[in-house]
Every structure is written in structure tokens, then in C-alpha cells.
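In case you want the letters, here they are:
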Amino acid sequence: MHLTVFASGSSGNCSLLQGGGRRVLLDAGISARRIKNALAAEGLTPDGLDGIFITHEHSDHIAGLAVLLKQFPVPVYAPGIVAEALRQSVPGADAYIQDIPMERPVILGGLTATAFPTPHDAPSAGYRLEAEGQSFALATDTGCVTDVMLDYLSGAETALIEANHDEDMLRRGPYPAYLKRRILSDRGHLSNAECTWLASVLAHRGAERIVLGHLSRQNNLPDLAMKTVSRGLEDTDVQLFVAPELGCLEVDGTPCCI
């Protein structure tokens, strides 16, 4: 399996996963033009995709979806509560959306995908994908770590998890009080400290590569997130990456350009 993060952050999220003879996007929160350019850098085109898995309806996860679907008939997969929200928020998407069950595997050729619930302020899901004896798990936009989340993240060789904010930066920053409360709530976003705990647990449950994603432009810094989480992984051999807000990251750390 091969992961390429095209963008991850408050302004847009989109990744490409290739495995089991299948190529799927995880979210489409950047423009269709950027998605096409990013795929071209991988030697692909959108009509070569086998599907798009959507985590939830917020614009930083679906911004490019409507335009992309107008040009390319790609299946869109999401569990029922997320799928229904997409039908309401993405014009013309209904013909492409395929409801999948929560916590039950869906087989796409050589790729198996399982959605699981994540606690956020909109109907949301994470995904575990498996192919060729390897596994990848994604969980961002989550205010806390539930037992269900931990079960699906555990044992995945590669995991993309959220390091959204540094609590001190958030509390001292310019956001209004109501927004700070939302971010800090159990239905908001994970802090660097919370991500450190999660990364440490996953490292001791088989993770080999951990990607820190969905960093806030206002309330975090890539170097700060890397430094904080690294402290929790000092006794492990886990490779740690920070997914960029702009640009592109291969999981082996080789950069590419959009």
C-alpha cells in the first residue's frame, strides 16, 4: 500500500491511497484542479480512481467534490449518516454516492475498507483500509479518542491522525471564545498533547509510520507538532511525518509538487 497526502489542514484535506490494485481518494477538500494536478504528478487521472471515501461534510473535506464529479463519474463512499449529509450539501452528488455500513468491511477488488465513527460536530467517520497484508487507518476531526476509534487504528502499519492545535497557542490566540470551546470539546479536534498519547499507544500496537495531519494554521506549527509527538515516541522505531497544508507528502518522506 502506498499513501500520498495531497493536502492536510484547516484549509483542505485530500489523500491518495493505492493498494490491492485499487486507487482511492480519502476526502476531496481541495479544488478539483489541484486534485487533477496532484494525480497527474502520480501519473494518474481522476477517471483512473476506483472511489472517493469521504469522512464528513465540512468544506475542507469536500470543497472539490462537486466539480470533480461533474467531470468524472467516480463512486463516492460514505457511511449512511455521512452520505445523507453529503446529499444535502453537494449538488449533483446523489447519483454517485454509495452508502456503506459503519463498522462492516466493504470489498473493492483487492482493497477492503471499513468505516468507523469519530466524535465531531458533524456526522463523521474514519477509515481503515487493508490490502496485500498491509493496513492503513485515518482518523482526523475528532475531539477525543474513543475505544472504537482505538480498535480500528490499532495494528495499522500506517496511521494518519490529528495533531490540530497546541493548547497554549489556541487559548492565547485570536479565535473567539465560542470557537475555542468548540475546538477543545470532545466533539472538536485533538491537541498535540492528545495526539502524543494516541501516537504512543499506536506505536506499541504495531504502527510503523505515523502521519500527523489536520494542523491548524492559526494554532499550531509543524515543528512544534513534530517535537511534541516525538517525545512520546522516543522508545520506539516509528517513522513520524507531518502532512503539509500545501504541497504533497509521500509516506516515505519523498516530496512531490502540485
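Worth saying up front: this structure is predicted, and the values here are computed from it rather than measured. (Residues numbered from 1 in each chain as written. Predicted model: local features only at pLDDT ≥ 70, side-chain atom pairs only at ≥ 80, totals over all residues. Heavy atoms only, no water.)

Peer 1: Where do I start with the nonpolar core in this structure?
Peer 2: Phe6, Leu25, Phe53, Leu65, Leu86 and Leu129 are the most contacted members of the largest nonpolar core, which totals 55 residues. If we skip the residues at most four places from it in the chain, leucine 86 touches Ile54, Glu57, Ile62, Val76, Ala78 and Ile97. Among the nonpolar cores identified, the runner-up in size contains 28 residues, and Leu153, Cys195, Ala203 and Val238 belong to it. (Core = buried A, V, L, I, M, F, W, Y, C linked by side-chain atoms within 4.5 Å. Buried < 20%, exposed > 50% of the residue type's maximum accessible area, 1.4 Å probe, protein only. Contact = heavy atoms within 4.5 Å.)

Peer 1: Got a minute to help me understand the packing of aromatic side chains in this structure?
Peer 2: Each aromatic ring pair is characterised by the separation of its centres together with the angle its planes make. As enumerated under the stated definition, the model contains three aromatic pairs in all. On the basis of an interplanar angle of 25 degrees and a centroid distance of 5.1 Å, the ring pair of phenylalanine 53 and tyrosine 77 is categorised as stacked. Remark: tyrosine 77 occurs in strand S5 (residues 76–79) and phenylalanine 53 occurs in strand S4 (residues 51–53); sequence separation between them is 24 residues. We classify phenylalanine 53 as buried; its relative accessible area is 1%. Note on tyrosine 77: relative accessible area 7%, which makes it buried. Between the aromatic rings of phenylalanine 116 and tyrosine 152, the centroid separation amounts to 5.1 Å while the plane-to-plane angle is 0 degrees, which identifies the pairing as stacked. In this pair, phenylalanine 116 sits in strand S8 (residues 111–117) while tyrosine 152 sits in helix H5 (residues 147–153), placing the two residues 36 residues apart along the sequence. Accessibility classification places phenylalanine 116 together with tyrosine 152 in one group, the buried group. (Phe/Tyr/Trp six-rings, centres within 6.5 Å; stacked < 30°, edge-to-face > 60°. Helix = DSSP H or I, 4+ residues; strand = E, 2+ residues; numbered from the N terminus.)

Peer 1: Explain helix H4 (residues 80–89) here, please?
Peer 2: Since the α-helix advances by 3.6 residues per turn, residues separated by three or four positions end up pointing in the same direction. Where H4 is concerned, the buried positions are Val82, Ala83, Ala85 and Leu86. Axial view of H4: buried residues confined to an arc of 160 degrees, hence all on one face. Facing away from the buried side of H4, by more than 90 degrees, are the exposed residues Ile81 and Gln88. (Arc of directions from axis to C-beta.)

Peer 1: Explain the environment of histidine 165 here, please?
Peer 2: Tracing the chain through its elements places histidine 165 in the loop between strand S11 (158–162) and helix H6 (167–172). Judged by its relative accessible area of 1%, histidine 165 falls in the buried class. Counting along the chain gives 49 residues from histidine 165 to histidine 214, while the straight-line C-alpha distance between them is 8.9 Å. Beyond its immediate stretch of four places on either side in the chain, histidine 165 contacts Leu170, Ile183, Leu184, His189, Leu190, Ser191, Asn192, Asn219 and Asn220. Side-chain polar atoms of histidine 165 contact the side chain of asparagine 164, separated by 3.1 Å. (Polar contact = N/O pair within 3.5 Å; in protein donor to acceptor, adjacent residues only side chain to side chain.)

Peer 1: Teacher, can you tell me more about the packing of helix H8 (residues 192–203) against helix H9 (residues 222–231) here?
Peer 2: Two measures define how a pair of helices packs: the angle their axes make with one another and the distance between the axes. Packing of H8 against H9 brings their axes to within 8 Å, and their N-to-C directions diverge by 45 degrees. In this view, H8 runs oblique relative to H9, as classed from their interaxial angle. Handedness of the crossing formed by H8 with H9: right-handed. Residues Asn192, Cys195, Thr196 and Ala199 of H8 pack against Leu224, Ala225, Thr228 and Val229 of H9. (Axes fitted to C-alpha atoms, helices over the stretch in contact; angles between N-to-C directions. Parallel < 35°, antiparallel > 145°, perpendicular 65-115°, else oblique. Left-handed = near helix turned anticlockwise from the far one by under 90°.)

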